[in-house]
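Coordinate inspection notes
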Amino acid sequence: MPKIRIRYLKEQIPRLSYVDGKSDWIDLRAAEDVELKAGEFRLIPLGVAMELPEGYEAHVVPRSSTYKNYGIIQTNHMGVIDESYCGDNDQWFFPAYALRDTRIQEGDRICQFRIMKHQPMILFEEVECLGHEDRGGIGSTGRK
């Protein structure tokens, strides 16, 4: 099991943990109160800095309820934090864009992360033909 060293940048931030039996993603929380007007962008501090194991990266995405509850979306759709972002003040942030006026309170769970191994080195082989039948394009499997 990889060990991750974590520095909490605010003492009152709840400590990270798994949601028992529900997911292998770990929730992250806003580290301060944030008010956004529709159309505003803000890096929301998450109150943690981490030292990921060598060869690993964190994938940070919104929780499924983030848009419904707060009206924000993550501007980069998925954040990737690699193991080189590991300084004492390399705080993790959630890049939020508000689609409606909203208020996020300190401690609200707004995103989640998981740790993944880096993609292995791959080689591309250029060919004239892949030799498989076409599936039919984007959306070809239907709606139901």
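Here, every reference points to the structure presented above.
If you're wondering where the values come from, they're calculated on a predicted model, not measured in any experiment.

Right, let's get into the overall build of the chain. Looking only at helices and strands, one finds one helix and eleven strands in the chain. What you see in the chain, going N to C, is helices and strands ordered as β-β-β-β-β-β-α-β-β-β-β-β. Taking 2.2 N^0.38 as the reference for a compact globule, 144 residues should give roughly 15 Å; the C-alpha atoms of the chain span a radius of gyration of 19 Å, well beyond that estimate. The buried share among the 144 residues of the chain stands at 33%. In the chain, the share of contacts with a sequence separation of at least 24, taken over all contacts with a separation of at least 6, comes to 75%. A total of about 10300 Å² of accessible surface is found on the chain, and carbon and sulfur atoms cover 49% of it. For the chain, the distance from the average site of its 19 positive side-chain charges to the average site of its 23 negative ones is 10 Å.

Together, Phe-41, Leu-43, Tyr-67, Ile-73, Tyr-85, Phe-93, Tyr-97 and Leu-99 give the surface a local cluster of nonpolar side chains, amounting to about 710 Å² of exposed area. Here Leu-99 shows up in the loop between β9 (93-98) and β10 (102-104).

Bringing the environment of Ile-6 into the picture now. Mapped onto the fold, Ile-6 is located in strand β1 (residues 5-8). Put simply, Ile-6 and Glu-83 are 77 residues apart on the chain and 12 Å apart in space, counted from C-alpha to C-alpha. Apart from residues lying up to four places away in sequence, Ile-6 is in contact with Leu-16, Val-48, Ala-49 and Met-50.

To continue, consider unusual backbone geometry. The phi dihedral of His-77 falls on the positive side, at around 65°, and the residue is not glycine. Mapping His-77 onto the fold places it in the loop between β7 (72-74) and β8 (79-82). We classify His-77 as exposed; its relative accessible area is 60%.

Any two side chains of opposite charge can pair, so long as their charged atoms come close to each other. Tallied over the entire structure, the rule returns nine salt bridges. Where Asp-27 meets Arg-63, a salt bridge forms, and the shortest distance between an N and an O atom there is 3.3 Å. Of this pair, Asp-27 sits in strand β2 (residues 26-29) while Arg-63 is found in the loop between β6 (56-62) and α1 (66-70), placing the two residues 36 residues apart along the sequence. We classify Asp-27 as buried; its relative accessible area is 11%. For the salt bridge of Arg-103 with Asp-33, the shortest nitrogen-to-oxygen distance reads 3.5 Å. In this pair, Arg-103 sits in strand β10 while Asp-33 sits in the loop between β2 and β3 (34-36), placing the two residues 70 residues apart along the sequence. Classification of Asp-33 as partly exposed rests on a relative accessible area of 42%. Among the ionic contacts, a cluster of salt bridges with common partners joins Asp-27, Arg-63 and Arg-109.

Definitions and limits used
Residues numbered from 1 in each chain as written. Predicted model: local features only at pLDDT ≥ 70, side-chain atom pairs only at ≥ 80, totals over all residues. Heavy atoms only, no water. Helix = DSSP H or I, 4+ residues; strand = E, 2+ residues; numbered from the N terminus. Rg over C-alpha atoms; globule rule 2.2 N^0.38 Å. Buried < 20%, exposed > 50% of the residue type's maximum accessible area, 1.4 Å probe, protein only. Contact = heavy atoms within 4.5 Å. Areas by Shrake-Rupley, 256 points an atom, 1.4 Å probe, with all protein chains shown as cover. Lys, Arg positive; Asp, Glu negative; His and termini not counted. Charge placed at Lys NZ, Arg CZ, Asp CG, Glu CD. Patch = residues over 30% accessible without salt bridge, like charges linked within 9 Å, V, L, I, M, F, W, Y side chains within 5 Å. Salt bridge = Lys/Arg side-chain N within 4 Å of Asp/Glu carboxyl O.

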